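Letter by letter, the chains look like this.
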Amino acid sequence: MAGTLYLVGTPIGNLEDISLRALRILKEADLILAEDTRRTRKLLSHYDIHTPLRSYHEHNERALAPEALARLEGGADLALVTDAGLPGISDPGAFLVQAAAARGIPVAAVPGPTAFALALVVSGLSTERFAFWGFPPRQGRERRAFLAAALAEEKPAIFYEAPTRLARTLADLAELAPARRAAVVRELTKAHEEVCRGVLAELATTFADREVKGEICLVVAGRPAGEQEGTAARLEADPVRLVEDLLRQGWERKEALREAARRSGLSRRAVYSAWVAKKEKGSL
């Protein structure tokens, strides 16, 4: 009988934010697959847990997956943890889950804190509907298309961002929609937790020359009804929506992508990347 792959949610800061079930699973598992064994050892040491650890991260997950699957099929229970939060959300895990599911191996999620959900509820913005976009592309036209597509949504957009890139991301977003409400949420559940609220133009100025550290979530309000024409123009008519409109009109996908790229001034590859990302998130 196959073992179970447990996706264990771990604290994103405060070590007290872990469930009794998570602690039990970490104690009883035959092996813990950890994104960073050094960070996970601190958690295990705090709770006097001595389960064997194995490094499992984005650079080796495909190479180690066959061994993990073989252990599971042999009856071992494995616990997968990342540095913080739930495995598979902008962290390793999804590949192994898909492979395990394809083989009929049981997969169980053990709840824990998730940074983007906590950021949303403290942001002061609408929580009824939202879209999680993960980390923005670092540069190029793909980045601009990604941000434009997120800002074109009528529901709040949530991003993860590195502290070294926060100022640039705020500046890019402010260029597209300066009056849009947003919140920068930093170091959630930790001693220096901070929530800065305002419009994007204000936040871009606030963080332009400020050195920041730690984990950062950025929550941006959805596109309001009747948004000013100037802002809509800066969104470049949202190339993703252009593609969808052209497809509804009967255009072939290849031609629709080419036409949307021509009208927006972006590369066809950039438009295609943004379109695929939106489809995968179920936003189309």
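Anything mentioned here points back to the structure above.
To start, this report covers the structure provided alongside it. Fair warning: this is a prediction, and the values are worked out from it, not measured in the lab. (Residues numbered from 1 in each chain as written. Predicted model: local features only at pLDDT ≥ 70, side-chain atom pairs only at ≥ 80, totals over all residues. Heavy atoms only, no water.)

Below, the discussion takes up the environment of E161. Mapping E161 onto the fold places it in strand β7 (residues 157-161). Accessibility expressed as a relative area gives 3% for E161, which makes it buried. Spatially, the C-alpha atoms of E161 and A65 are 28 Å apart, while their sequence positions differ by 96 residues. Discounting chain neighbours no more than four positions away, the residues touching E161 are F135, P136, R143, L166, T169 and I216. Among the polar contacts made by the side chain of E161, one reaches the side chain of R165 at a distance of 3.2 Å. Of the polar contacts made by the side chain of E161, one reaches the side chain of T169; its length is 2.7 Å. (Helix = DSSP H or I, 4+ residues; strand = E, 2+ residues; numbered from the N terminus. Buried < 20%, exposed > 50% of the residue type's maximum accessible area, 1.4 Å probe, protein only. Contact = heavy atoms within 4.5 Å. Polar contact = N/O pair within 3.5 Å; in protein donor to acceptor, adjacent residues only side chain to side chain.)

Across the five residues of β7, five count as buried, placing the element largely inside the fold. The side-chain alternation of β7 yields two buried faces, one formed by A157, F159 and E161 and the other by I158 and Y160. Pairing analysis gives three bridges linking strand β6 (residues 131-134) to β7, with the strands arranged parallel. Paired with G134 across the strands is F159, a residue of β7. Where β7 lies against strand β10 (residues 216-220), five bridges are found, and the strand directions are antiparallel. If you follow I158 over to β10, its bridge partner there is V219. (Pairing = 2+ DSSP bridges.)

Moving on, we get to the side chain of K155. By the secondary structure assignment, K155 is in the loop between α6 (140-151) and β7. Using a relative accessible area of 13% as the deciding quantity, one classes K155 as buried.

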